[in-house]
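Structure at a glance
In case you want the letters, here they are:
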Amino acid sequence: MALNLILLVLLLVAGIWTVLTTRLVRSVVGLALVSAVVSILIFRLNSPLAAAFELSVCAGLISVIFVTTISFTQRLTAERLEERRKERLGKYWYLPVILIIFGILLVVFKPKLDFPLPQVPSEQDTRNIIWHMRHVDLLGQILIILAGVFGVVILFKEPKK
Amino acid sequence: MNLAGAQTFWYFYIAIMLLFVMGAYYIIASFNLIRVLIGLELLIKAVTLLSILTGYLTHNEGLAQALVITLIVIEVVIMVVAGGIVVCIYRNNKSLDTRKLKELKG
Amino acid sequence: MVPLFVLIPFFSIIILNLFPKKLMQHLSFVWLGFLSLAQVYLVAARPVWFWDTKLELWNLLFSFRYSVDVITLVMLLCIGIVVFISLLASRAMISDVHQRVNFKNLLLVSLIGMNATVLVTDVFSLYVFIEITAVSSYIMIAMNKDRLGLEGAFKYLILSAIATVMMLVAISLLLLLTGNTSFEAVGAGLAGAGNSLFVRVSIGLFLCGLFIKSGLVPFHGWLPDAYSAAPAPASILLAGIVTKVSGVYVLMRLAISVFGLTPSVQALLMFIGAVSIIIGAVAALTQTDFKRMLAYSSISQIGYIILGVGCGTKLALIGAVFHLFNHAIFKSLLFVNAASVEKELGTTDMDKMGGLTQRMPVTGITSVIGLLSTAGIPPLSGFWSKFIIIIALWQAGNFGYAAFALLASIITLAYFLSMQRKVFFGKLRSGLENIKESSMGLIVSQAVLAIITLVVGLIFPLVISWR
């Protein structure tokens, strides 16, 4: 449990850094860090398969997507960056305050866990569930990847001059 | 719910809620299209963790993992499409500032 | 053989893309037309060999749990019709070969997504297919890569991603409360879980996400932008069916067969419905763009449907489903009208139009039918469904809401009449003398939709007893 607590604190720190950092690329790195911590937490919650997915796909692939998107768009010059930093300071100092207030509220007003734990399905092997019981979701996965392929074909193509 | 389960739930619950607040704040406060997407990712991270947590608490990890794997695939595709749209907007406007997207108003 | 509604389009995407593009362009037009008309036929005639045969062998490989009731059938019918119309419009409106092929691929993806959404019996699968439909519509809106389209698509993407995050939180909480995600298990589990805070939060979040998806006030910000910025065939599809399936249908399905219509859910739905009716109608009055005005009127009409669902009596639900059907038909008709005006004039600004009926008689006359049906003038189909909803509200004792709905339909009539006068009637505006009637595909689709509106209105007792 102690390790979980440390990881949760790390998660929050990484999240705050993602929001507050000035450089866009660092924000993406922060997001990858959040993803990595989330995947360790998922692993510690007895879900190794989902953890592997989260680590490889979210921490890896999504960072690649973001970095690609950023590289297609402009970089800020040094003085513009300095200007942006001041502008952001005015905008983002609220966040820690809001987080602290919200955190205190959450601790004070705990909702009651006043419901019985449900009966769960007897089948508990993820591979069996995916391959035997959730065919529809598999079809959905293939389909949405197809849609993504069409999206890439249409959107990333350079416009004609 | 038994005591150990309730304890775990509280710690995770607070962290997840704070992550939601961060994501929502980022989406609302930033004027950069890519930052809006990163805020969205923070929200989705929080949801992923919540699903796995509920699976763990109800001893239903199998189903929760199956759902989360599908969720991750969908998340990636949405981010790819969103990235494509952002790149196209940049090519048109030479800017990623949402304040310059004022042509359409609710 | 019901899973074939999903599987045949799925395999045809893969097979059609193996052909070279020139050939595929024509082949996919014919094949998609056939698929959508076959869907309309299968639902309307309901041949026993299709609905009652089980695919034994196939089920070993791929099990698809589905349920079919009247609402599902009506939705399948609407999907077939609107996809066909959108296909015809794409033929007329998109000139580039590559874009045409891309659009047809996306149309197929969206068709599968919508068909599966109305058939599945699992909360999480619902989310998956809603998202598939949504992704294909983002790409459709952004397809032309013009400034407005991209902005509309981005706005739609962000708001609808927030909606899906809400729905996912609700699904996770339902998993915590009930231990499963199928409709039956969730319904039974919720009945057993009492009135815990978690139950209320999960139902509230799910409904909130669906309000965003269906574009109800106060979550309607994305809808006019997306509708007006999308290329014409995509806006027909979006306005005609996509938001109805991924928002309104899912809301109906969950409210009726999963969550149950508790008094608080009913009160929420009726309130949101009434607010949407009035805000949509008032906002439509002030628009100068043809498509934006139609979009706001769409918000107002969806408000009627939600009001009917919220009322919850049997009559009200019949009225709501009937209005859903009618709305899919006449809203696509009006968007086809907008498309043909846009094609000939190159603009959708109403201030630049006037007296178009003299030059475009079919467009002018069919638009009158669509508008009067929307405003609820007898004997057109829109009158009957609104009438049923209002009667049901009155019977259930919601006199305030009934009077309100009646009043709002007068505002609807007002903005449509003012628009009619501006665009289609009156003196022909100078500079428009050389305008011709638009191409054959659009004329045919306008005529078909107008005839459906008329005929359904005239034989409505038969339609109501259709099971």
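Residues numbered from 1 in each chain as written. Chains lettered and ligands numbered in written order. Predicted model: local features only at pLDDT ≥ 70, side-chain atom pairs only at ≥ 80, totals over all residues. Heavy atoms only, no water.

1. What to know about the interface of chain A and chain B
A common way to state how big an interface is: give the accessible area lost once the parts meet. Rule in force here: Working rule for contacts: check all heavy atoms of both residues, and any pair within 4.5 Å makes them a contact. Two parts placed together each lose some accessible area; with a 1.4 Å probe, that loss summed over both constitutes the buried area. A carboxyl oxygen of Asp or Glu within 4 Å of a side-chain nitrogen of Lys or Arg is what we treat as a salt bridge. Whenever a nitrogen or oxygen atom comes within 3.5 Å of another N or O atom, the pair is scored as a polar contact, on the condition that within protein one atom can donate a hydrogen and the other can accept it, and that pairs from neighbouring residues in sequence are kept only if both atoms are in side chains. Runs of E in the DSSP output that reach at least two residues are strands. Runs of H or I that reach at least four are helices, and both are numbered from the N terminus.
Facing the 77 residues of chain A at the interface are 67 residues of chain B. Carbon and sulfur atoms make up 78% of the area that chain A and chain B hide from each other, which totals about 6800 Å². For the chain A face of the interface with chain B, the top three residues by lost area are Leu-45, Leu-113 and Leu-155 of chain A, together amounting to 10%. Inspection of the region where chain A meets chain B yields one salt bridge. The salt bridge involving Glu-54 of chain A is made with Lys-45 of chain B; its shortest N-O contact spans 3.8 Å. In this assembly, chain A and chain B are joined by ten residue pairs in polar contact (both at pLDDT 80 or more). Mapped onto the side of chain A that touches chain B, the elements with two or more residues apiece are helix H1 (2-20), helix H2 (24-44), helix H3 (48-72), helix H4 (78-92), helix H5 (94-108), helix H6 (126-133) and helix H7 (135-155) of chain A.

2. A closer look at the confidence of the model for chain B
Formally: Confidence of the predictor at the level of single residues is given by pLDDT, which spans 0 to 100.
Taken as a whole, chain B shows an average pLDDT of 86; of its residues, 89% reach a score of 70 or greater. Per-element confidence in chain B is highest for helix H2 (residues 33-57) of chain B, whose mean pLDDT is 92, and lowest for helix H1 (residues 3-29) of chain B, whose mean pLDDT is 86.

3. A closer look at the nonpolar core
Formally: We define a nonpolar core as any set of buried Ala, Val, Leu, Ile, Met, Phe, Trp, Tyr and Cys residues linked to one another through side-chain atoms lying within 4.5 Å. Exposed residues in this analysis have more than 50% of their type's maximum accessible area, buried residues have under 20%, and partly exposed residues fall in between, with area computed by a 1.4 Å probe over protein chains only.
With 268 residues, the main nonpolar core has Ile-85 of chain B together with Phe-206 and Ile-241 of chain C as its most contacted residues. In this view, Ile-241 of chain C contacts Met-75, Cys-78, Ile-79, Val-82, Met-114 and Ile-236 of chain C; residues no more than four positions away in its chain are not counted. Ranked by size, the runner-up nonpolar core spans 13 residues in total, among them Leu-307, Ile-389, Ala-392 and Ala-402 of chain C.

4. What about the pattern of salt bridges?
Pairing of side chains with opposite charge becomes possible as their charged atoms draw close. Evaluated as defined, the whole model comprises eleven salt bridges over all chains. Residues Asp-137 of chain A and Arg-134 of chain A are paired through a salt bridge, measuring 2.8 Å at the closest nitrogen-oxygen approach. With a relative accessible area of 2%, Asp-137 of chain A lands in the buried category. Classification of Arg-134 of chain A as buried rests on a relative accessible area of 9%. The closest approach of N and O atoms between Asp-122 of chain C and Arg-134 of chain A, which form a salt bridge, is 3.0 Å. Here Arg-134 of chain A lies in the loop between H6 and H7 and Asp-122 of chain C lies in the loop between helix H6 (97-119) and helix H7 (123-142), a pairing that spans two chains. The buried category is assigned to Asp-122 of chain C, whose relative accessible area is 12%. Via salt bridges that share partners, Glu-54 of chain A together with Glu-41, Lys-45 and Glu-75 of chain B belong to a single interconnected network.

5. Overview of the packing of H7 of chain A against helix H1 (residues 4-16) of chain C
Rules: Only the stretch in contact is used when fitting a helix axis, every axis being a line fitted to C-alpha atoms; angles between N-to-C directions are given from 0 to 180 degrees. What sets the label is the angle itself: under 35 degrees gives roughly parallel, over 145 gives roughly antiparallel, 65 to 115 gives roughly perpendicular, and the rest give oblique. Definitions for this section: a left-handed crossing has its near helix turned counterclockwise from the far helix by less than a right angle. A right-handed crossing has that turn clockwise. Polar here means any residue outside two lists: the nonpolar Ala, Val, Leu, Ile, Met, Phe, Trp, Tyr, Cys and Pro, and the charged Asp, Glu, Lys and Arg; Gly therefore counts as polar.
Axis separation between H7 of chain A and H1 of chain C bottoms out at 12 Å; the angle between their running directions is 40 degrees. One element, H7 of chain A, and the other, H1 of chain C, form an angle in the oblique class. With respect to the hand of their crossing, H7 of chain A and H1 of chain C are arranged in left-handed fashion. For the pair H7 of chain A and H1 of chain C, contact is made by Leu-139, Ile-142, Leu-143, Leu-146 and Phe-150 of chain A and by Val-6, Leu-7, Phe-10 and Ile-13 of chain C, respectively. Among the residues forming the contact of H7 of chain A with H1 of chain C, the class breakdown is nine nonpolar, no polar and no charged.

6. Some details on the packing of aromatic side chains
Residue and element names in this part refer to chain C. Definition in use: Here a Phe, Tyr or Trp ring, Trp counted by its six-membered ring, pairs with any other such ring whose centre lies within 6.5 Å, and the pair is stacked when the planes are under 30 degrees apart, edge-to-face when over 60, and tilted otherwise.
The final tally for this structure, using the stated rule, is 21 aromatic pairs over all chains. Consider the rings of Phe-5 and Trp-51, whose centres lie 5.7 Å apart with planes at 55 degrees: the pair is tilted. Pair noted here: Phe-5 is in helix H1 and Trp-51 is in helix H3 (residues 48-51), with a separation of 46 residues, a long-range link. Each member of the pair Phe-5 and Trp-51 is classed as buried.

7. With respect to the interface of chain B and chain C
With 40 residues of chain B in contact, the opposing surface of chain C contributes 39 residues. Across the chain B to chain C interface the summed buried area is about 3300 Å²; carbon plus sulfur atoms make up 79%. In this structure, the connection of chain B to chain C is made through zero salt bridges. Counting across the interface, chain B meets chain C through three residue pairs in polar contact (both at pLDDT 80 or more). Secondary-structure elements contributing two or more residues to the side of chain B that touches chain C are H1, H2 and helix H3 (61-93) of chain B. Top contributing element to the side of chain B that touches chain C by residue count: H3 of chain B, with 16 residues. Within the side of chain B that touches chain C, the residues separate by chemical class into 28 nonpolar, eight polar and four charged.

8. Thoughts on the packing of helix H10 (residues 197-214) of chain C against helix H12 (residues 232-259) of chain C
Residues and elements named next belong to chain C. Taken N-terminus to C-terminus, the directions of H10 and H12 make an angle of 155 degrees; their axes are 7 Å apart at the nearest point. Judged on the interaxial angle alone, H12 and H10 are roughly antiparallel. When the axes of H10 and H12 are compared, the crossing they make is left-handed. From H10, Ile-203, Phe-206, Leu-207, Leu-210, Phe-211, Lys-213 and Ser-214 reach across to H12, where they touch Thr-243, Ser-246, Gly-247, Val-248, Val-250, Leu-251, Leu-254 and Phe-259. Residue composition of the contact of H10 with H12, grouped by class: ten nonpolar, four polar and one charged.

9. Here we look at helix H2 (residues 21-45) of chain C
Residues and elements named next belong to chain C. Note the cut-off: Any helix carries an expected span of 1.5 Å times its number of residues minus one.
The end-to-end C-alpha distance of H2, which contains 25 residues, comes to 35 Å, matching closely the 36 Å that a straight helix rising 1.5 Å per residue would cover. In the core, the buried residues of H2 are packed alongside H1, H3, helix H5 (70-93) and H6. In the stretch just after H2, Arg-46 is the one whose phi turns positive, near 40 degrees.

10. Considerations on the side chain of Arg-253 of chain C
All names here are of chain C. As for its placement among the helices and strands, Arg-253 is situated in helix H12. A distance of 3.1 Å separates the side chain of Arg-253 from the side chain of Thr-72, its partner in a polar contact. Contact partners of Arg-253, with chain neighbours within four places excluded, come to Asp-69, Ile-71, Thr-72, Phe-183 and Val-258.

11. Some details on a nonpolar patch on the surface
Residue and element names in this part refer to chain A. For clarity, the cut-off: Distance thresholds for patches are 9 Å for like charges and 5 Å for nonpolar side chains (Val, Leu, Ile, Met, Phe, Trp, Tyr), applied to residues having over 30% relative accessible area and no salt bridge. Per-residue and other accessible areas follow the Shrake-Rupley method at a 1.4 Å probe size, with only the shown protein chains counted as cover for residues.
On the surface, a cluster of nonpolar side chains totalling about 1000 Å² of accessible area is made up of Trp-93, Tyr-94, Val-97, Ile-98, Ile-100, Ile-101, Ile-104, Leu-105, Val-108 and Phe-109. Within the secondary structure, Leu-105 sits in helix H5. Residue Leu-105 is classed as partly exposed on the basis of its relative accessible area, which comes to 42%.

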